[in-house]
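This is what each chain is made of:
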Amino acid sequence: MRKELSKLNELRKTFTGTFKRYGTKTNWHGFPEKTLLFVNVLDSNKKLVTDHIWFKITKGFEKLGELKDNDKIQFDARVKSYIKGWHGRKAEEYESETYEEDYKLSFPTKIQKIN
């Protein structure tokens, strides 16, 4: 679990991260979707909040053009909780099972390169 992010749950903050690489994931319709991996994600006080985070490529990220390894990116995002893994069930069905809650950064905006 990302303990530092859990302290910021539901808050919208400014973060910086170091771009590492592109990746892909399969979306809900079974098609590949391009993703971005950021490492060493810091809050506005330069405190490490997570060692890595993945984002889908949004229009905001597309506007930056092709990113290179070690590009520093600043963005605003909201911290949200989620249940790790996809199990194909509704949230109510998790009550009888053990599951792992984790935290992510959602709705990135004000995305800019700060190299």
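Bear in mind the structure is a predicted one, so any value in this text is a computation, not a measurement.

### Overview of the overall build of the protein chain
A tally of regular secondary structure across the protein chain gives 2 helices and 5 strands. Ordered by position in the sequence, the α and β elements of the protein chain form the string α-β-β-β-α-β-β. Across the 115 residues in the protein chain, those meeting the buried criterion constitute 32%. Long-range contacts, defined here as pairs at least 24 residues apart, represent 62% of the contacts in the protein chain between residues at least 6 apart. On the protein chain, roughly 7800 Å² of surface is accessible, and the fraction owed to carbon and sulfur atoms is 49%.

### Examining the packing of aromatic side chains
Evaluation of the coordinates by the stated rule reveals 8 aromatic pairs. When the centroid spacing of 5.4 Å and the interplanar angle of 45° are considered together, the rings of F55 and F61 count as tilted. F61 sits in the buried class, given a relative accessible area of 3%. Among the aromatic residues, ring-to-ring pairing joins F15, F19, Y22, F38, F55, F61 and F75 into one connected group.

Thresholds, definitions, all that
- Once a new chain begins, its residue numbering starts again from 1 and follows that chain's sequence as written.
- Local features in a predicted model are, by the rule used here, given only for residues with pLDDT of at least 70; side-chain atom pairs are given and counted only at 80 or more, and totals for whole chains, interfaces and linings are based on all residues.
- Heavy atoms throughout the structure, all of them, feed into the side-chain values; hydrogens and water do not.
- Strands are runs of DSSP state E lasting at least two residues, helices are runs of H or I lasting at least four, and both sets are numbered from the N terminus onward.
- Three labels apply to residues, based on accessible area from a 1.4 Å probe with only protein chains included: buried if under 20% of the type maximum, exposed if over 50%, partly exposed otherwise in between.
- By definition, residues are in contact when any of their heavy atoms lie within 4.5 Å.
- Surface accessibility in these figures is a Shrake-Rupley result with a 1.4 Å probe; residues are shielded only by whichever protein chains are displayed.
- A pair of Phe, Tyr and Trp rings is counted when the ring centres sit within 6.5 Å of each other, with Trp represented by its six-membered ring. The angle between the planes then sorts it: under 30 degrees is stacked, over 60 is edge-to-face, the rest tilted.

That is the geometry; function is a separate question.
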